[in-house]
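Coordinate analysis (summary)
Each chain, letter by letter, is given below.
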Amino acid sequence: MTAGAVVGVRTRPDGLAGTAADIVTVAKRNFIRVFRTPELLVFSTIQPIMFVLLFNYVFGGAIPIPGVDYINYLIPGIIIQTAVFGASNTAIGLTEDLQAGIVDRFRSLPMARSAVLAGRVLADTLRNLWVILLSIGVGYVIGFRFQAGLVNAILAVLVATLFAFAMSWVFAAMGLLTKTPEAAQAAVFVPIFPFTFASSAFVPTETMPGWLQVFAENQPVTFAINAMRYLVLGENEFLNLNAGQVGLAVLWSLLIFGVFFYLAVRLYRRSGE
Amino acid sequence: MLAVEVEQLKKYYGDVHALDGVDLSIPLGGVYGLLGPNGAGKTTLVRILATLLKPTHGRARILGVDVTEDPGAIRRRIGLAGQSAAVDELLTGRENLEMVGRLYGFSRTEALRRADEVLERIDLADAANRTVKTYSGGMRRRLDLAASLVGHPELLLLDEPTTGLDPRSRQDLWDLIEELVDEGTTLLLTTQYLEEADRLARQLVVVDHGKVISRGTPDELKAQLGGDVLELHLEDPGKIRVVLEQLEGLGSAPATIDEKTGLISLTVGEDTGAVVEALRRLDRERVQLRDLSLRKPTLDDVFLTLTGHTAQTDEPEPTGRKARRRARSGDRS
Ligand SMILES: Nc1ncnc2c1ncn2[C@@H]1O[C@H](COP(=O)(O)OP(=O)(O)O)[C@@H](O)[C@H]1O
Ligand SMILES: [Mg+2]
């Protein structure tokens, strides 16, 4: 029972490789949790299925978009919206860990500090990837098809996943600010609703009143949706889709990630003072 | 080298002085007790020592390392079991401990080996593959303690480890603590129970409102208290004056009376003769008793003696205090 006994059998490398190992350990734990929370699994599966079906059949007839099947227009919007919803679980999960004292347990261990947040974000992002693929699958059943080739289809999934990853960091920071699951649950809807609905997700922004249009056309959720839409439909004059939008979405995702990673890590550090 | 060295440690939350200038030095080996009521600052101190919290002022060195300079080095060498069980409900006991082992930096094989070793030791081997959700409160506390043992710590910090445990689990935990001490581990244990501190700790500090108000061995502390207390509850409160007169000259100090409840307390120490004499006199005066008990001194008595006020608790006075005393005497029987 000496320090030597402990240090001697530690095999984790120092530095970045050690941090990566800790991230994987924490992510694995969060992943197991997802599979042992059937409610969460069922509802996060049902939700995109329901959205795809509901929006397609409710709005499908009302919104004629020249040369484009509504389902092909809709799926990119649904996917990004679902990714934002899914990312909000990062806030809820983190506050649950804070409340249950799990974060204290992590803090008392000789692990990389950033791994607590990064491990959670990684697990949440993988779950989001699953939901993205599921939405595409459901879309396929009712007629959705990628119009712009396989490479673009893969890029579309990657763009959506990157955006989900960035949004998880936004919600990680929100969780650290709100501290309890109840508060987080209420708080996450404040950004979710305006950003996902006042976007190009379901209807072209041209149909909105002028002031709302300005917001809807210049916010990151719309950027991500337009990028996905370009990758699904190819160039489209009427919808104003072009390759530049992919760059814009990636840039914004990285920017959001950068800012909120910094904020979340700071908040995490400060919560121990 | 000392296990813990604390100088003028302060932790302020706005106006709340959770710690208000604490000095401590804990040698290696044995159990060191930190005794205090709710809100005394015990958890705050433990969290600072475990590098979870930064002090507002002052210094703390753990195993020779300053907590603010190299927290990582300290975390490798200490174990912490907090006041509530910090275990994952959805993981099994074994998965919880494996995860902790991995985060200590052990290989998967080594982490699993240690998980099984600790589960065996803490008597949870049978429940190892069940999710913690199915565990009782006592089992969760034990698993939490197990997590703090995975790293084979030199210093173990236990924050009220027996609060909420049934008497049997408490006894088991005490046995385990004694085993750990035999192996050379140093323990810092906080408690609200004088009896527990007495049983386990070689040295004690008593804290109140963030300050150390007494320190010494359990025997020294008890010597200040005067031993067992006879408690009397009268059927007819009108007889209180008569009773106080009759009790004069008995016990090590004059009898006291709790104005609100009418409870009469007489410190009798080891003198059973005084008890017999007191009862004979009351019988002679035909005083009817509703309730009578002889109890060991509690934290409340420590505080009454040291500060002149009873331990302040979150519970409503005075019924809460009485209920708590009852619960404690129940534990002993
Ligand atoms: N995060 C906090 N913010 C404000 N006050 C706190 C905080 N943590 C503890 N306190 C206060 O500090 C004092 C000491 O608390 P604590 O260390 O938990 O005592 P104990 O563990 O002895 O019951 C209490 O008055 C408590 O209310
Ligand atoms: Mg406490």
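Refer to the preceding data block for the structure.
Residues numbered from 1 in each chain as written. Chains lettered and ligands numbered in written order. Predicted model: local features only at pLDDT ≥ 70, side-chain atom pairs only at ≥ 80, totals over all residues. Heavy atoms only, no water.

Some words on the coordination of the magnesium ion (ligand 2)
- Within the first shell, the magnesium ion (ligand 2) binds the protein through B:T43 (OG1) and B:Q83 (OE1), at distances of 2.0 to 2.2 Å. Highlighted residues: B:T43 in helix α1 (residues 42-49) and B:Q83 in the loop between β6 (78-81) and α3 (93-104), separated in sequence by 40 residues. (Donors = N, O, S within 2.8 Å, 3.2 Å for Na, K, Ca; no water. Helix = DSSP H or I, 4+ residues; strand = E, 2+ residues; numbered from the N terminus.)

Brief notes about the site of ligand 1
All names here are of chain B.
- The environment of ligand 1 is formed by Y13, V16, A18, P37, N38, G39, A40, G41, K42, T43 and T44.
- T43 is positioned such that a nitrogen or oxygen atom in its side chain is 2.7 Å from an oxygen atom of ligand 1.
- Across the complex, the protein chains shield 60% of the 560 Å² of accessible surface that ligand 1 would expose by itself.
- Residue contributions to the shell around ligand 1 peak at 3 residues, all from α1. (Near = heavy atom within 4 Å. Polar contact = N/O pair within 3.5 Å; in protein donor to acceptor, adjacent residues only side chain to side chain. Areas by Shrake-Rupley, 256 points an atom, 1.4 Å probe, with all protein chains shown as cover.)

Comments concerning the pairing of strand β2 (residues 16-26) of chain B
Residues and elements named next belong to chain B.
- Strand direction decides the pairing type here: strand β1 (residues 4-13) and β2, joined by 8 bridges, are antiparallel. Within β2, the position partnered with V4 by the bridge is I26.
- The turn joining β1 and β2, which pair antiparallel and follow one another in sequence, is formed by 2 residues; a positive phi near 60° is taken by G14. (Pairing = 2+ DSSP bridges.)

Quick word on the interface of chain A and chain B
- Counting residues at the interface gives 31 residues for chain A and 43 residues for chain B.
- Overall, the association of chain A and chain B removes approximately 3,300 Å² of surface from exposure, summing both partners, and the carbon and sulfur fraction of that is 57%.
- Summed over the shared surface of chain A and chain B, the result is 6 salt bridges.
- B:E98 is the salt-bridge partner of A:K28, the closest N and O atoms lying 3.8 Å from each other. (Contact = heavy atoms within 4.5 Å. Buried area = accessible area lost by both parts, 1.4 Å probe. Salt bridge = Lys/Arg side-chain N within 4 Å of Asp/Glu carboxyl O.)

Some details on the environment of B:R215
- Secondary-structure assignment places B:R215 in strand β10 (residues 211-216).
- Taking the C-alpha atoms as reference points, B:R215 and B:I257, 42 residues apart in sequence, are found 28 Å from one another.

Digging into the packing of helix α4 (residues 70-87) of chain A against helix α5 (residues 89-100) of chain A
Residue and element names in this part refer to chain A.
- It is at 5 Å that the axes of α4 and α5 come closest, and there the two elements cross at 10°. Viewed along their axes, α4 and α5 adopt a mutual orientation that is roughly parallel. Here F85, G86 and A87 of α4 lie close against α5, whose contacting residues are N89, T90 and A91.
- Within the contact of α4 with α5, the residues separate by chemical class into 3 nonpolar, 3 polar and no charged. (Axes fitted to C-alpha atoms, helices over the stretch in contact; angles between N-to-C directions. Parallel < 35°, antiparallel > 145°, perpendicular 65-115°, else oblique. Nonpolar A, V, L, I, M, F, W, Y, C, P; charged D, E, K, R; others polar.)

A look at helix α8 (residues 150-178) of chain A
- Relative to the 42 Å expected for 29 residues at 1.5 Å per residue, α8(A) spans 42 Å between its end C-alpha atoms, a close match to the ideal helical length.
- Looking one or two residues past α8(A), A:K179 carries a phi angle of roughly 70°, positive in sign. (Expected span 1.5 Å × (residues − 1).)

Digging into the pairing of β10(B)
- Bridging between strand β9 (residues 203-208) of chain B and β10(B) involves 5 bridges; their strand directions are antiparallel. When the bridges of β10(B) are listed, B:L204 appears paired with B:G216.

Quick look at the sheet that holds β6(B)
All names here are of chain B.
- Taking strand neighbours across the sheet as the criterion, the 6 strands line up as β6-β7-β8-β3-β9-β10 in an open arrangement whose pairing is mixed. In the strand order of this sheet, the two ends are held by β6 and β10, each with one partner. Here the average twist between neighbouring strands, direction ignored, is 15°.
- Where β6 and strand β7 (residues 155-159) come together, 4 bridges link them in parallel fashion. Of the residues in β7, the one forming a bridge with L80 is L157.

Quick look at the packing of aromatic side chains
- If you walk through the whole model with that rule in mind, you get 19 aromatic pairs over all chains.
- Seen from their ring centres, A:F193 and A:F197 are 5.6 Å apart, and the 15° between their planes marks the pair as stacked. Of this pair, A:F193 and A:F197 both sit in helix α10 (residues 189-197), 4 residues apart, which is roughly one turn of the helix.
- Assessed through its relative accessible area of 39%, A:F193 is described here as partly exposed.
- On the basis of relative accessible area, A:F197 is assigned to the partly exposed category, the value being 36%.
- If you follow B:R114 out to its NZ or CZ, it ends over the ring of B:F106, 4.0 Å from the centre.
- The cationic tip of B:R170 hangs over the ring face of B:Y193; the distance from NZ or CZ to the ring centre is 4.9 Å. (Phe/Tyr/Trp six-rings, centres within 6.5 Å; stacked < 30°, edge-to-face > 60°. Buried < 20%, exposed > 50% of the residue type's maximum accessible area, 1.4 Å probe, protein only. Lys NZ or Arg CZ within 6 Å of the ring centre and 35° of its normal.)

Considerations on the pattern of salt bridges
- Considering all chains together, one arrives at 31 salt bridges over all chains under this definition.
- With a shortest N-O distance of 3.0 Å, B:R108 and B:E98 are connected by a salt bridge. With B:R108 in helix α4 (residues 108-121) and B:E98 in helix α3, this residue pair connects regions lying 10 residues apart in the sequence.
- We classify B:E98 as buried; its relative accessible area is 10%.
- Where salt bridges share partners, they join A:R29, A:R33, A:D97, A:R120, A:D124, A:R127 and B:D88 into one cluster.

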